[in-house]
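Here's the letter readout for the chains.
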Amino acid sequence: MRLPVNYNRLETPYYFYDIELLNETIEAALSACNNNNFRIHYAMKANANSQILETINRYNIGIDCVSGNELKKALECGFNSSDIVFAGVGKSDKEIQLAINSGIHAINVESEEELEVVNTISGEMNRVTDIALRVNPDIDAGTHKHITTGTDHNKFGISIPDIIRINEESDKLKNINIIGLHFHIGSQINGMDTFIKLCSTINSVQNDLLNRGIVFNHLNVGGGLGIDYDNPDKTPIVNFNDYFDVFSSHLKYPHKQIVHFELGRSITGQCGSLITKVLYTKNTSRKRFAIVDAGMTDLIRPALYNAYHKIENLTSSAIKLRYDVVGPICESSDCFGKDAIIPETKRGDILCIRSVGAYGQVMASQYNLREPAMAYYSDMIETINHK
Ligand SMILES: *Cc1c(COP(=O)(O)O)cnc(C)c1O
């Protein structure tokens, strides 16, 4: 694992990003995506730090945004507007105007009412706007309920029967042009069978539309590819070959259709670590606690989704004991690891919380008026290989 050479002297807590690993990950994704119809977009909500976006932008891949400010930031970081798509169930009028003005590739529309609003705003601006319809395919991604998005119980997208009817009636909407379909069923999906199921649903929707003479030149299959939180050193880069092979073998698409993949977690997840110092240890009759200086304000995934992150003690390699590793925030859910087995820990030890490059720093808050954590990048400071 790469770390700053002075990792134990920098003020904690801080994020550290291994930019070499990020580069290797993007290169692996691009080389696995070797199909002329396929394109990768980065889902920037996973990590929107400028340094991360600038690294990604060197590879000429597109961007998936879910807010107006993300859209602005993507443009500021130099992404081409024609490579940007904008999804989200609750776009404000201002965000829709921004997207239309920026001339992005497509607004991914998530309801019939939004479709009418985009058509109206577009008309007021004397424009015809390219949009894609987000389909809710009613597929359970089999992941944590808070990161499942593609079932009838979720707020995202439009049902398949409505998609078909909207397309048949779309001539009425003069200021929009439906250029494609968008699917995204959830996140941290590890079983390829879920993506195979997604392919067969997409095939059947496209086939129903084709039978009515409707063909799009654009298809977006979403993201969701999971990473190995248990073994970040064994699997620093996910098996992109398996992922893209599923779509190459199971997805049926018209000859000229461009297929977009919107990967977030699988691009940036493993390149980030959160480095934190042990402030105190204490024991109760049932538990041994390590109280650290990072909190749920720096990394909320364990509190929000019960997410697992590997925790390592960088200072000590002595006998291993069982700890609850907790933060300083006044919430019992402010816990990074329950019963984590780590080397015996004392005040001043430096711990490393792994695999936090996606949905980590970007979800930080200032609850308890906490200072935001600093971030360091391996291409800007001297680093060492630890262990
Ligand atoms: C969050 C999101 C993604 C990325 O999901 P990952 O699990 O990080 O790959 C892709 N598309 C949309 C629409 C999203 O909201």
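Owing to the predicted nature of the structure, the values given are computational and were not obtained by experimental measurement.

Draft legend 1. Up close: the site of the ligand. Near the ligand lie 14 residues; those nearest to it are Lys45, Ser187, Glu262, Arg265 and Tyr359. The side chain of Ser187 places a nitrogen or oxygen atom 2.3 Å from an oxygen atom of the ligand. One of the backbone nitrogen or oxygen atoms of Arg265 is found 2.8 Å away from an oxygen atom of the ligand. Contact with the protein chains hides 95% of the accessible area of the ligand, taken as 390 Å² for the molecule alone. Among the residues making up the shell around the ligand, the classes are represented as three nonpolar, six polar and five charged.

Draft legend 2. Quick look at the domain arrangement of the chain. Looking at the chain, the domain boundaries give domain 1 (2-13 + 270-385) and domain 2 (19-268). Just the C-alpha atoms count here: the centres of domain 1 and domain 2 sit 32 Å apart. Residue-level contacts link 23 residues of domain 1 with 25 residues of domain 2. Buried surface at the junction of domain 1 and domain 2, both sides included, amounts to about 2300 Å², of which 51% is carbon and sulfur. When the buried surface of domain 1 facing domain 2 is broken down by residue, Gln270, Tyr359 and Tyr377 rank first, second and third, together holding 30% of it.

Draft legend 3. Representation of the packing of aromatic side chains within the structure. This model, assessed by the stated rule, comprises 12 aromatic pairs. For the pair Tyr17 and Tyr377, a centre-to-centre distance of 5.3 Å together with 20° between the ring planes defines the contact as stacked. Separated by 360 residues along the polypeptide, Tyr17 in strand β2 (residues 14-17) and Tyr377 in strand β18 (residues 374-377) bring together distant segments of the chain. For Tyr377, a relative accessible area of 6% translates into the label buried. Cluster of aromatic residues (ring-pair linked, three or more members): Phe38, Phe195, Tyr243, Phe244, Phe247, Tyr253 and Phe261.

Draft legend 4. Seen up close, the packing of helix α1 (residues 19-32) against helix α2 (residues 50-57). α2 packs onto α1 with a crossing angle of 35° between their chain directions and a minimal axis gap of 10 Å. Here the hand of the crossing between α1 and α2 comes out right-handed. Mapping the contact onto sequence places Ile19, Leu22, Asn23 and Ile26 in α1 and Ile52, Thr55 and Ile56 in α2. Across the contact of α1 with α2, the residue classes break down as five nonpolar, two polar and no charged.

Draft legend 5. Structural view of the pairing of strand β3 (residues 38-43). For β3, the tally of buried residues reaches five of six residues, placing the bulk of the element in the interior. Bridge count between β3 and strand β11 (residues 258-263): five bridges; the pairing is parallel. Each bridged residue has a counterpart across the sheet, and for Phe38 the counterpart in β11 is Val259. Of the strand pairs in this sheet, β3 and strand β4 (residues 62-65) are connected by three bridges, and their pairing is parallel. The residue bridging His41 from the neighbouring strand is Gly62, located in β4. Traced from β3 through α2 to β4, the parallel crossover comes out right-handed.

Draft legend 6. Summary view of the pattern of salt bridges. This structure, assessed with the given rule, holds 16 salt bridges. Counted as one network, the salt bridges with shared partners bring together Glu112, Asp162, Arg165, Glu169 and Lys172.

Draft legend 7. A look at the nonpolar core. Judged by nonpolar contacts, the single largest core of 97 residues is most densely connected at Tyr42, Leu133, Leu181, Phe244, Phe247 and Val325. Both domains that furnish three or more residues to this core are identified here as domain 1 (2-13 + 270-385) and domain 2 (19-268). Setting aside anything within four residues of it in sequence, one finds Tyr42 in contact with Asn47, Ile52, Leu53, Ile56, Ile61, Gly62, Ile63, Asp64, Leu263, Gly264, Ile267 and Thr268. In terms of nonpolar packing, the next biggest core, distinct from the first, is built from 11 residues, Met1, Phe16, Ile350 and Cys352 among them.

Calculation notes
Residues numbered from 1 in each chain as written. Predicted model: local features only at pLDDT ≥ 70, side-chain atom pairs only at ≥ 80, totals over all residues. Heavy atoms only, no water. Near = heavy atom within 4 Å. Polar contact = N/O pair within 3.5 Å; in protein donor to acceptor, adjacent residues only side chain to side chain. Areas by Shrake-Rupley, 256 points an atom, 1.4 Å probe, with all protein chains shown as cover. Nonpolar A, V, L, I, M, F, W, Y, C, P; charged D, E, K, R; others polar. Domains from an automatic or database assignment. Contact = heavy atoms within 4.5 Å. Buried area = accessible area lost by both parts, 1.4 Å probe. Phe/Tyr/Trp six-rings, centres within 6.5 Å; stacked < 30°, edge-to-face > 60°. Helix = DSSP H or I, 4+ residues; strand = E, 2+ residues; numbered from the N terminus. Buried < 20%, exposed > 50% of the residue type's maximum accessible area, 1.4 Å probe, protein only. Axes fitted to C-alpha atoms, helices over the stretch in contact; angles between N-to-C directions. Left-handed = near helix turned anticlockwise from the far one by under 90°. Pairing = 2+ DSSP bridges. Right-handed = clockwise from strand over helix to strand, strands pointing away. Salt bridge = Lys/Arg side-chain N within 4 Å of Asp/Glu carboxyl O. Core = buried A, V, L, I, M, F, W, Y, C linked by side-chain atoms within 4.5 Å.

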